[in-house]
Amino acid sequence: MSVLPLVFTSGWASGINAYAVVLLLGIFGATGVTDEVPASLQRTDVLIVAAVLFLCEAVADKIPYVDSLWDTVHTVIRPVSGAVVGALLAGQSGSLSDIAAGAVGGSTALASHFVKAGTRMAVNTSPEPFTNIALSTAEDLGVGGIVTFAMFNPQAAAVIAGVLLLIGLALLFYLWSRIRRFRRRRAQRREEKRLAHASPTRPPG
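The numbering scheme is per chain: residues are counted from 1 as the chain's sequence reads. Where totals are concerned, whole chains, interfaces and linings use all residues; where local detail is concerned, this predicted model gives features only for residues with pLDDT of at least 70, and gives and counts side-chain atom pairs only at 80 or more. Computation of side-chain values: all heavy atoms of the structure, hydrogens and water removed.

1. Overview of a positive patch on the surface
Patches in this entry comprise residues that are over 30% relatively accessible and not in a salt bridge; like charges within 9 Å are linked, as are nonpolar side chains (Val, Leu, Ile, Met, Phe, Trp, Tyr) within 5 Å. Residue exposure ignores everything except the shown protein chains as possible cover, and the areas themselves are Shrake-Rupley values with a 1.4 Å probe. Salt bridges are identified by distance alone: a Lys or Arg side-chain nitrogen within 4 Å of an Asp or Glu carboxyl oxygen. Positive charges come from Lys and Arg, negative ones from Asp and Glu, while His and the chain ends are left out of the count. For charged residues, the charge sits on one atom: NZ in Lys, CZ in Arg, CG in Asp, CD in Glu. Together, Arg180, Arg181, Arg183, Arg184, Arg185, Arg189, Arg190 and Lys193 line one region of the surface with positive charge. Each helix corresponds to a stretch of at least 4 residues labelled H or I by DSSP, and each strand to a stretch of at least 2 residues labelled E; elements are numbered beginning at the N terminus. On the secondary structure map, Arg189 appears in helix α6 (residues 154-198).

Pasting the structure below:
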């Protein structure tokens, strides 16, 4: 059976929470739930690092503006993680070339990352933190649920991930004007702070 559906699903999930994907796949492989997971993802040190980083993301992802900063840092990390996981899965099964799997996993992770980051920028235009917490929790549960489902029915999980990706891209297009206003206001605040620091202080009269 082709590993492509699992590669696509793991790529989509990596764009949202790469550490959760590595942690879940490693646990599923180590416990014998699936034999599709390579030994490199089942190593104890990999699982510990992934668990620690997952906890860090679980906290940072629920704090307004901190989540957007975290997303910016992970613009490279998430697609690379999706590509590496995809290539490892392909190498384990032998049913898909490593390069093709890396391209699928990385590009899918990049697309879902942009959806996540853009949605968070739109949400951060609201001053209350509860939307961030609810959205972050839903993302974590969604990643966990779909990756787990992919272990038992990879084709159906890939279809769900594809539908969610399309919905997310459509939502991002709809929210783009709000995101641009948010970025303009943030740039304006930075400029005002720069001018305030640059303006000389008058001596007392």
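So, next bit.
2. Quick word on the packing of helix α1 (residues 4-30) against helix α2 (residues 44-60)
Close contact between α1 and α2 brings their axes to 9 Å; oriented N to C, the two are set at 145°. As for the relative orientation of α1 and α2, their crossing is left-handed in sense. Judged by residue contacts, Ile16, Asn17, Tyr19, Ala20, Val22, Leu23, Gly26 and Ile27 of α1 engage Val46, Leu47, Ala50, Ala51, Leu53, Phe54 and Glu57 from α2. Classification used: nonpolar for Ala, Val, Leu, Ile, Met, Phe, Trp, Tyr, Cys and Pro, charged for Asp, Glu, Lys and Arg, polar for all others including Gly. Here the residues of the contact of α1 with α2 sort into 12 nonpolar, two polar and one charged. Interaxial angles span 0 to 180 degrees and are taken between N-to-C directions of axes, which are lines fitted to C-alpha atoms, for helices over the stretch in contact. By definition, any crossing whose near helix is turned counterclockwise from its far helix by less than a right angle is left-handed, and any crossing with a clockwise turn is right-handed. Here a residue-residue contact requires only that any non-hydrogen atoms of the pair lie within 4.5 Å.

3. Thoughts on the nonpolar core
By size, the foremost hydrophobic cluster in this structure holds 29 residues, and its most contacted members are Trp12, Leu25, Val143 and Val147. Going through the elements one at a time, α1, α2, α3 (66-93), α4 (98-123), α5 (130-152) and α6 are the ones with two or more residues in this core. When residues in this core are grouped by element, the largest group, 11 residues, is from α1. Definition of nonpolar core: a set of buried residues of the types Ala, Val, Leu, Ile, Met, Phe, Trp, Tyr and Cys, connected through side-chain atoms within 4.5 Å. Relative accessibility decides the category of a residue: with a 1.4 Å probe and only protein chains considered, values under 20% of the type maximum give buried, values over 50% give exposed, and everything between is partly exposed.

4. Describing the side chain of Asn132
You can see Asn132 is positioned in helix α5. Residue Asn132 is classed as buried on the basis of its relative accessible area, which comes to 0%. Polar contact is defined as a pair of N or O atoms within 3.5 Å, subject to the rule that within protein one atom must be able to donate a hydrogen and the other to accept it, and that residues adjacent in sequence are counted only when both atoms are side-chain atoms. Side-chain polar atoms of Asn132 contact the side chain of Asp67, separated by 2.9 Å. Setting aside its immediate chain neighbours within four residues, Asn132 contacts Asp61, Lys62, Pro64, Asp67, Arg120, Val123 and Asn124.

5. As for unusual backbone geometry
Located in the positive-phi region is Tyr65, a residue other than glycine, with phi close to 70°. Tracing the sequence through the fold places Tyr65 in the loop between α2 and α3.

6. Structural notes on the environment of Leu69
Tracing the chain through its elements places Leu69 in helix α3. Classification of Leu69 as exposed rests on a relative accessible area of 57%. Between the alpha carbons of Leu69 and Ala103 there is a distance of 26 Å; along the sequence they are 34 residues apart.

7. As for the pattern of salt bridges
Under the counting rule described, the total for this entry stands at nine salt bridges. The partner of Arg78 in a salt bridge is Glu57, and the shortest N-O contact between them spans 3.2 Å. Separated by 21 residues along the polypeptide, Arg78 in helix α3 and Glu57 in helix α2 bring together distant segments of the chain. Note that Glu139 and Arg120 form a salt bridge whose closest N and O atoms lie 2.9 Å from each other. Residue Glu139 is located in helix α5, and its partner Arg120 is located in helix α4; the two are separated by 19 residues in the primary sequence. You'll find Glu139 and Arg120 in the same group, each marked buried. Within this structure, Asp61, Asp67, Lys116, Arg120 and Glu139 form a network of salt bridges that share partners.

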